[in-house]
Amino acid sequence: MGRGEVISEYVVARPAPGLRGFVSEYAGYRMDGPPGRHHGLPSPYLTLVVCLSGDLDVVEMPDPGRRPVRLTMAVGGLHETPVVMAHDGRQYGVQIGLTLPGARALLGVPAGELSRDVIDMAALLGRRAGELAERLAEEPDWRRRFGVLDRVFAELARDGAARRSPDAVARAWGSLIATGGNLRVGELARDLGWSRRHLTERFRREVGLTPKAAARVIRFARACRMLRSPCPPPLARVAADCGYFDQAHLAREFRELAGVTATTWLADPTIPRDALLLDGEQD
């Protein structure tokens with residue numbers, strides 16, 4: 001193995017059907033290679049990380065006014081600029097993507113309260129956070145760990161059944177997701193019968209981003225998924241399919257939202273490309 005290579009284990013699975021409105025996917029990872037920095041890119045999902053060894057060393061927050069943190073269990077809100085993490089080359093843990101409704105149902109807070117921040121999961125889940133980490137560490141494989149997540153999140157969802165995002169904001173968010181971020185704010189406001197200003201204020205309070213910023217993040221996340229696929233299309237094709245004016249527009253968005261060029265990001269050995277997808281339901 002070359003000096004710059006990383007031994008990588010990356011396993012993903014969908015949550016149990018009853019959780020899919022709250023959780024996008026589970027990902028288990030194990031990496032062993034040279035130390036470096038990893039850029040956590042903007043996405044339409046909140047991120048939960050449970051380290052099974054070591055910790056998460058966030059050296060640059062999306063909000064430059066917030067101090068760096070080092071955590072073993074973390075919750076990251078929506079953001080428009082990267083979360084930069086330092087690592088020693090060894091990473092082992094579980095990452096979970098939460099939807100907008102999942103923030104209220106599972107964590108008990110609107111996504112807006114977590115935007116541009118990374119905090120200790122225990123601040124939201126209390127003792128349940130530590131219990132979750134212990135139960136995950138006891139299991140011998142990813143399938144069983146994902147089964148633990150299903151059970152814990154089902155309990156949280158039952159407890160938070162009455163906590164729902166405001167219907168109109170949820171509808172606006174759903175429209176942005178459905179169009180891949182290619183929906184004008186004025187059109188979105190008209191669909192709701194609101195002024196642009198009222199939409200922006202309500203949306204920012206619940207989501208943590210303005211509708212325009214959210215659309216930008218959704219488009220960017222789609223472009224990243226396409227570029228990370230096993231057979232990625234050319235940048236010009238990605239730009240056209242995702243609603244950018246041209247390839248240069250996508251390149252500018254990468255520098256602003258990722259903090260690096262697309263080429264640099266794709267060269268990061270910690271970027272998963274060949275994920276093992278677990279099929280079937282968790283036990």
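Our subject is the structure listed above.
Keep in mind that this is a model prediction, so the values were computed, not measured.

With that settled, the discussion passes to the side chain of Asp268. By the element assignment, Asp268 lies in the loop between α11 (262–266) and β11 (276–277). Separated by 3.2 Å, the side chains of Asp268 and His38 make a polar contact. Ignoring any residue separated from it by four or fewer positions in sequence, one finds Asp268 in contact with Arg37, His38, His39 and Arg273.

Here we come to the layout of surface pockets. Here the largest pocket defines a volume of roughly 1400 Å³. Forming the boundary of the largest pocket are 50 residues, of which Tyr10, Ser43, Thr47, Gln95 and Arg228 lie nearest the centre. Residues belonging to the lining of the largest pocket are distributed by class as follows: 29 nonpolar, 15 polar and six charged. There is about 440 Å³ of room inside the second largest pocket. Lining of the second largest pocket is provided by 13 residues; of these, Gly181, Asn182, Leu183, Arg184 and Arg219 occupy positions nearest its centre.

Assignment of secondary structure puts Asp117 in the loop between α1 (100–107) and β10 (118–120). Given the relative accessible area of 15%, Asp117 is considered buried. Polar side-chain contacts of Asp117 include one of 3.3 Å to the side chain of Arg66. Residues contacting Asp117, with those up to four places away along its chain left out, are Met61, Arg66, Val75, Gly76 and Gly77.

Take the packing of aromatic side chains next. This structure, assessed with the given rule, holds seven aromatic pairs. Their ring planes at 40° and their centres at 6.2 Å tell us that Tyr26 and Phe153 sit as a pair that is tilted. Separated by 127 residues along the polypeptide, Tyr26 in strand β2 (residues 23–32) and Phe153 in helix α4 (residues 142–159) bring together distant segments of the chain. We note that Tyr26, like Phe153, is buried. Aromatic rings pair up to connect Tyr26, Tyr92, Trp142, Phe146 and Phe153 into one cluster. Note that Arg30 overlies the ring of Tyr92, its terminal NZ or CZ placed 3.8 Å from the centroid. Directly above the aromatic system of Trp142 lies the positively charged group of Arg145, at a separation of 4.6 Å from the ring centroid.

Rules and cut-offs
Residues numbered from 1 in each chain as written. Predicted model: local features only at pLDDT ≥ 70, side-chain atom pairs only at ≥ 80, totals over all residues. Heavy atoms only, no water. Helix = DSSP H or I, 4+ residues; strand = E, 2+ residues; numbered from the N terminus. Polar contact = N/O pair within 3.5 Å; in protein donor to acceptor, adjacent residues only side chain to side chain. Contact = heavy atoms within 4.5 Å. 1 Å grid on protein atoms, 1.4 Å probe; cavity = no way out; pocket = protein on both sides within 12 Å on 5 of 7 lines; lining within 4 Å. Points joined across faces, edges and corners; volume = space filled by probe spheres on them. Nonpolar A, V, L, I, M, F, W, Y, C, P; charged D, E, K, R; others polar. Buried < 20%, exposed > 50% of the residue type's maximum accessible area, 1.4 Å probe, protein only. Phe/Tyr/Trp six-rings, centres within 6.5 Å; stacked < 30°, edge-to-face > 60°. Lys NZ or Arg CZ within 6 Å of the ring centre and 35° of its normal.

As far as function goes, none of this settles anything; it's purely spatial.
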